[in-house]
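Listed here are the chains, written in short residue letters.
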Amino acid sequence: MSVKERMAALRASKQALRKELKCRLAALSAAEKQRQSRVLSHKLFKHPKYISSQRIAVFLSMDDEVRTEEIIKDMFKWGKSCFIPRYQSSNSHMDMLKISSVEDLETLPLTSWNIRQPSDDCKSREEALSSGGLDLMLMPGLGFDLSGGRLGRGKGFYDTYLRRCSEHPKGKPYTIALAFKEQLCQKIPVDSNDVVIDEVLYEEQ
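Throughout this description, residue numbers start from 1 for each chain and increase along the sequence as written. Per-residue local features are limited, in this predicted model, to residues with pLDDT of at least 70; the limit for side-chain atom pairs, both in listing and counting, is 80 or more; totals at the level of whole chains, interfaces and linings are taken over all residues. Hydrogens and water are ignored here; the side-chain numbers use all heavy atoms of the structure.

Q: How would you sum up the confidence of the model for the protein chain? Please name residues and give values.
A: Here the protein chain averages 91 in pLDDT, and 100% of its residues register 70 or above. The spread of mean pLDDT over the elements of the protein chain runs between helix H1 (residues 3–26), the lowest at 88, and helix H3 (residues 48–52), the highest at 98. As a per-residue measure, pLDDT tells how confident the predictor is, with possible values from 0 to 100. Only runs of H or I of at least four residues qualify as helices and only runs of E of at least two qualify as strands under DSSP, and these elements are numbered from the N terminus.

Q: Summarise the sheet that holds strand S3 (residues 94–99); cite the residues concerned and give the values.
A: Sheet strands associate in pairs through backbone hydrogen bonding, adopting either a parallel or an antiparallel arrangement. Here we have 6 strands laid out as an open sheet, ordered S3-S2-S1-S4-S7-S8, and mixed in their pairing. Because the sheet does not close on itself, it has two edges, and the strands there are S3 and strand S8 (199–201). On average, adjacent strands in this sheet sit at an angle of 30° to one another, irrespective of strand direction. With 6 bridges connecting them, strand S2 (residues 81–87) and S3 associate as antiparallel partners. For two strands to count as paired, DSSP must find a minimum of two bridges between them. Only the stretch in contact is used when a helix axis is fitted, and all axes are lines through C-alpha atoms; the angle between N-to-C directions ranges over 0 to 180 degrees.

Q: Could you give me a rundown of the pattern of salt bridges, with the residues and numbers involved?
A: Salt bridges, as used here, are contacts in which a Lys or Arg side-chain nitrogen is within 4 Å of a carboxyl oxygen on Asp or Glu. Counted according to the given criterion, the structure contains 17 salt bridges. In this structure, the salt-bridge partner of Arg-153 is Asp-64, at a minimum N-O distance of 2.7 Å. Here Arg-153 is found in the loop between strand S6 (150–151) and helix H6 (157–166), whereas its partner Asp-64 is found in the loop between strand S1 (55–57) and helix H4 (69–77), with 89 residues between them in sequence. You can call Arg-153 partly exposed: its relative accessible area is 33%. Glu-69 is paired through a salt bridge with Arg-67; the nearest N and O atoms lie 2.9 Å apart. What emerges from the salt-bridge pattern is a single network uniting Glu-32, Arg-35, Lys-181 and Glu-203. Exposure categories follow from relative accessible area, calculated using a 1.4 Å probe and restricted to protein chains: below 20% of the type maximum is buried, above 50% is exposed, and the middle band is partly exposed.

Below, the structure is given as structure tokens:
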């Protein structure tokens, strides 16, 4: 099989898995998503990496992702620095910009994905990599396996950003994915561009 055929086969298997995972997630009730999110938040609060990290990047949840509101509140409670994504939908560029409070977050405009992010013309916020880097990054995704394989939505935002982190003097942050049990897979198809994550947090039986 040529490299081109291998890449095409990998793309096709990722697409099929995305479709299956979207169906699994669509079958989850709002109450069950909220319940698992609460369990995972409390698990994270006891995690040594979370406790020792000062500069943390956290995603703002879409409807089919683990809710992160409680995590953001907890970060401010302990005086941690909170960075959230600003995605550029025209390419795979993403920045992690600092927010100062929950109230600050609530003033941000909504994107077409119905999540808040600083506007494109906002230049005043600190970007994590232009200053002290990141200690910890909480990762979203559609599917995960326990070897650190992650299936995103196909835009490459996080893989690209983590490669940029590798060039920062502080290096790549520790990465923790927050996953519903329904997002766990036997094996995620990955290629050399996919960054492996350090740990997947999920509700164990």
